[in-house]
Amino acid sequence: MRGIVAQLLRELGNSRALEEFASKGTAAHLERDLGLGSLERVELMLRLDKAFSIQLPESVLAEANTVSDLLNSILQHLDGSATDGRRERATSETLRPATDEKPQEDLHERLSYAETLGEIIAIRGRHDSETKHIYLYEESGDIRTIRCGELYARASAVAMELARRGVLPGHTVGIMLPTGVEFFWIFAGTMLAGAIPVPVYPPFRADRIEEYAERQAAILANAEARMLVTFRRAEGVAKLLRPLVKTLRSVVTAPELAANGSALPPETEVRPTDGIRHPARADDIAFVQYTSGSTGSPKGVVLTHANLLANIHSITRALKLTRDDVAVSWLPLYHDMGLIGAWFVPLATRIPLVSLSPLSFLSNPVRWLQAISRHRGTLSPAPNFAYELCVRKIASEEVHDLDLSCWRAALNGAEPVRPETIERFTEKFARCGFRREALLPVYGLAEASLGLAAPAMGTGARVDRIQRATFQNEGKAVPATDETESALQFVSVGHTLPDMEVRVVNENADRVPERREGRIHFRGPSATGGYYKNPEATRELKREDGWLDSGDLGYIAGGELYITGRAKDLIIKGGRNLYPHEIEEIAGQVGGVRPGCVVAFGVPDEAGGTERLVVVAEARDARQRGRIAHEIIEQVSKVMGLPPDAVEILPIHSIPKTSSGKLRRSETRKLYLESNLGKRQAPMWVQAGKLAARGALPRLMSITKTAALRGAEILYGIYALSLFGTVTAVVWLIVYPAKNRNFSAELIHRASRLLLFLAAIRVEIQGRELLARWKHDGPWIFAPNHSSYLDILVLLACLPAETRYVAKGEIHSMPFVGTLASRSGHFAFDRRDRNARVGQSTEIEQALRQGQSVVIYPEGTFTAQPGIRPFQLGAFKAAVDTRRVICPIAVRGARELLRDETYLPKPGRVTLTVGPLIEPRAGAEDWREIVRLRDETREVIASGAGESLL
């Protein structure tokens, strides 16, 4: 019994129904859960009759609501000669425990076949609902547990609210939220709605509000964000951005958007529901990750679901993840390392995630290690500075209770990995069971989704000591001896992740031999297709044969990759290649310099024809500027063999940084050249006032323009409705006494054309030459998509007048319209009476055999949400039974001019794409041919309408 139902669902291609059937078993509702209409039920009954050698009464077709109802009917009508074994098998099947219906291997199989993150969220929400997914540390220190079912249910509520507020699939939504439950709801809900999340970091410092607003406004403007979701404490700042971003329609707080879910207390049982799940495809954009801007202006990296899942699978294989692993992270979720590495990877691999806020870690770094120790964390990523912070800030008495022996993958990435940090961290926490081989330097970038290279598990960090002069002058990484002083040290980031490729090339894009520095190129399934709405930057990124330029320099030795720096940051002075991070580390060791707050860069030296080396550092005590500058010159000269040309000592918080704490060298260099380094920031109220003033005029103009456009739309809508009412009334007066169907149909055809002309709605027909063949090749079954009431008017005007339409039975009760439909000979289906529908289907088939063409809307109805709804089978059964051709018609643009639940139309253009014709195959099995016609027609219409399949 189960196998017969499942096979039918597979043939229909209804994956959602298969999920419902696997979840609910025989309790699944035939229509609501499995989408089986009358024709599908007939096919199912025929198969059951054949399998059980019985003939179920026709009443079962109308009365059975669930699979269980069908099963009970089979049991009641089984022939007396049926074997007891068959009866036992059918009975025992209904008594199978629910736990047997969803084995763990089945869940793994479902996840392995998922093509999008939305699918993974839905699968885990529906079939893994009670599993604890996230353990979130809140400000109070309490742990908030998030189960998979709750994540899915609350994300569905967000998806529905987004749709209600006019956010459509493909729209971008800015998410400016700190790490917390609301980030998970909003991000997942945006994905389920088919919109594109754009995470941006929230404001942290009031004294930099103007700089923050300018930067985020640039991101949101490039992303063309329609909505910005924020939190209450940042709502004022977020609203300052609105006048600076033309596309931004609204700024809402997360509680407003997630009201349906957030109103529930944490302990409330939440049952996953379908909500709104946009059927994204693998090549659809999953989200846009804006680069941190450490080397220049931020760019939006486009990442598809296929990119992300490919990278997740590569990371999973490289780290040899199992269900026994536990992830621990304090990384911000608006950054790719935190979002993909710390959340998406556990989500897809079913390992739990322990999440802390970044502020919790920064204020007390030992909390990170305590969480690893307490929850037996095995996997935890962080940038180099986090490991250094643990060494410097965690007191010896705080580590005696820590047990870090469980930590097998301490991933160190997102910034240059320093050998000294590796040694200091390993030495300090060895007493806590931490093993050196667990510290793994990794390499990745947003353009590769996240990860690109990592060492083999258990090998730890490998450090390469090379001759400084040879490398700086010739680019050759020649190993240094133990006696070599001031050798350069670079840390290996291991081998390329599975399915990805890396090459090191020269300026001609030719591969260089091992131990020779060059630019790092990469390619593979997780590589981005480019930057969002930035073709110029995309051209700079892409190379031939699918290779992308990382912008990083490095070399390969022993098959392992070593990163030496950013190409744009490289300083060339007197023919020598100088690396900023090394100079910054030397200067940072001078007493009085604020750690991690040193920037080195080059500026043109026109007199010398080379570059000048500039070092900028923040000092804790401004009175020691002279001494600090002198010592920086002395130390850099001693190690590098040349002194800096200029040293600038600034007050704290003067050097610009990215949201993830990286130094913004390009921005610092720009401020230096403009003589704006270290300038004191204006008070917050002055910055906010300037932003408000800058946005006031554009906002006023925008409001005025919007009001004028809205007023014009309302006036046009009233005009169009009045026009429709007038023309309809005149036609009704002529048609009402008439008894000639052809005359009525021709009059309505001409009146529809007149209405569209007077309403300034232009109709473009693609495939008009095919339509001209109708008189010679017809009759046809026209199968259009249904997106708006305007569809009907457009088809009445453009299709042959004698074509008959299949409408809902309710049309007879509509004033005027019902009379026009009946006088024109159009069909009307009573959807509530299944027996009546059988007779009506016979009537349609009879008309087709008599040479009359028919218009049937396979979707049956329409909604405001874009997308091609599932098709009913009536039109395709009629085609098979009468051997008539299906002519698909894709209507594009009507939904935008008259959306569902709106009453005033807009002027504009509607495009009809006619054909290609789809003919029933002679001799094919009827049922399979019906399904084939349905699927091919749906694909053709979706392509022509420019909408996705729902």
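Since the model is a prediction, treat every value here as computed from it, not as a measurement.

A. Expanded view of a nonpolar patch on the surface. Taken together, Ile714, Ile718, Leu721, Tyr903 and Leu904 make up a surface patch of nonpolar side chains, about 480 Å² in accessible area. By secondary structure assignment, the location of leucine 904 is in the loop between α35 (894-897) and β34 (908-914).

B. Representation of the pairing of strand β8 (residues 300-304). Summarising burial for β8: five of the five residues are buried, a large majority. Residues Gly300, Val302 and Thr304 line one face of β8 and the alternating positions Val301 and Leu303 line the opposite face, and both faces are buried. Sheet topology places strand β7 (residues 285-290) next to β8; five bridges connect them, and they run antiparallel. Residue pairing for β8: tyrosine 290 is matched across the bridge by glycine 300.

C. View of the nonpolar core. Counting 126 residues, the largest nonpolar core has Trp343, Phe344, Trp368, Leu369, Trp407, Phe425 and Phe429 as its most contacted members. The element best represented in this core is helix α11 (residues 181-192), accounting for nine residues. Setting aside residues up to four positions removed in sequence, phenylalanine 429 forms contacts with Leu369, Cys390, Ile394, Val399, Leu404 and Phe434. Within the second largest apolar cluster, 51 residues are counted, among which are Ala17, Leu36, Ile54 and Val931.

D. Broad picture of the pattern of salt bridges. Going through the model one piece at a time under the given rule, you end up with 35 salt bridges. Glutamate 150 is paired through a salt bridge with arginine 144; the nearest N and O atoms lie 3.0 Å apart. On the basis of relative accessibility, which here comes to 7%, the residue glutamate 150 falls in the buried class. Judged by its relative accessible area of 8%, arginine 144 is buried. The closest approach of N and O atoms between glutamate 746 and arginine 750, which form a salt bridge, is 2.9 Å. Of this pair, glutamate 746 and arginine 750 both sit in helix α28 (residues 741-758), four residues apart, which is roughly one turn of that helix. Given the relative accessible area of 56%, arginine 750 is considered exposed. What emerges from the salt-bridge pattern is a single network uniting Glu845, Arg849, Lys877 and Asp881.

E. Focus on the packing of helix α16 (residues 305-319) against helix α17 (residues 336-349). Across the interface, α16 lies against α17 with an axial gap of 10 Å and an inter-helix angle of 85°. Relative to α17, the element α16 is oriented roughly perpendicular. Contact residues: α16 offers Leu308, Ile312, Ile315 and Thr316, while α17 offers Ile340, Phe344, Val345, Ala348 and Thr349. The residue makeup of the contact of α16 with α17, split by class, is seven nonpolar, two polar and no charged.

F. Quick peek at the sheet that holds strand β22 (residues 560-566). Across the sheet, four strands lie side by side as β19-β20-β21-β22; this open sheet has antiparallel pairing. Of all strands in the sheet, those with a lone pairing partner are β19 (501-505) and β22, marking the two edges. Neighbour-to-neighbour, the strand axes of this sheet turn through a mean angle of 50°, independent of strand direction. Relative to strand β20 (residues 518-523), β19 runs antiparallel, the two being bridged by five bridges. Each bridged residue has a counterpart across the sheet, and for glutamate 501 the counterpart in β20 is arginine 523.

G. Geometry of the sheet that holds strand β15 (residues 451-454). An order of β14-β15-β18 is seen for the three strands of this open sheet, with the pairing classed as antiparallel. Whereas interior strands pair on both sides, the edge strands pair on one side only; in this sheet they are β14 (443-444) and β18 (495-496). Pairing geometry for β14 and β15, over two bridges, is antiparallel. Opposite glycine 444, over in β15, you have glycine 451 as the bridge partner.

H. Local environment of the environment of threonine 253. Tracing the backbone shows threonine 253 in strand β6 (residues 250-253). Sequence-wise, threonine 253 and phenylalanine 231 are 22 residues apart; in three dimensions their C-alpha atoms are separated by 5.0 Å. Beyond its immediate stretch of four places on either side in the chain, threonine 253 contacts Val229, Thr230, Phe231, Arg232 and Glu235.

Cut-offs and rules
Residues numbered from 1 in each chain as written. Predicted model: local features only at pLDDT ≥ 70, side-chain atom pairs only at ≥ 80, totals over all residues. Heavy atoms only, no water. Patch = residues over 30% accessible without salt bridge, like charges linked within 9 Å, V, L, I, M, F, W, Y side chains within 5 Å. Areas by Shrake-Rupley, 256 points an atom, 1.4 Å probe, with all protein chains shown as cover. Salt bridge = Lys/Arg side-chain N within 4 Å of Asp/Glu carboxyl O. Helix = DSSP H or I, 4+ residues; strand = E, 2+ residues; numbered from the N terminus. Buried < 20%, exposed > 50% of the residue type's maximum accessible area, 1.4 Å probe, protein only. Pairing = 2+ DSSP bridges. Core = buried A, V, L, I, M, F, W, Y, C linked by side-chain atoms within 4.5 Å. Contact = heavy atoms within 4.5 Å. Axes fitted to C-alpha atoms, helices over the stretch in contact; angles between N-to-C directions. Parallel < 35°, antiparallel > 145°, perpendicular 65-115°, else oblique. Nonpolar A, V, L, I, M, F, W, Y, C, P; charged D, E, K, R; others polar.

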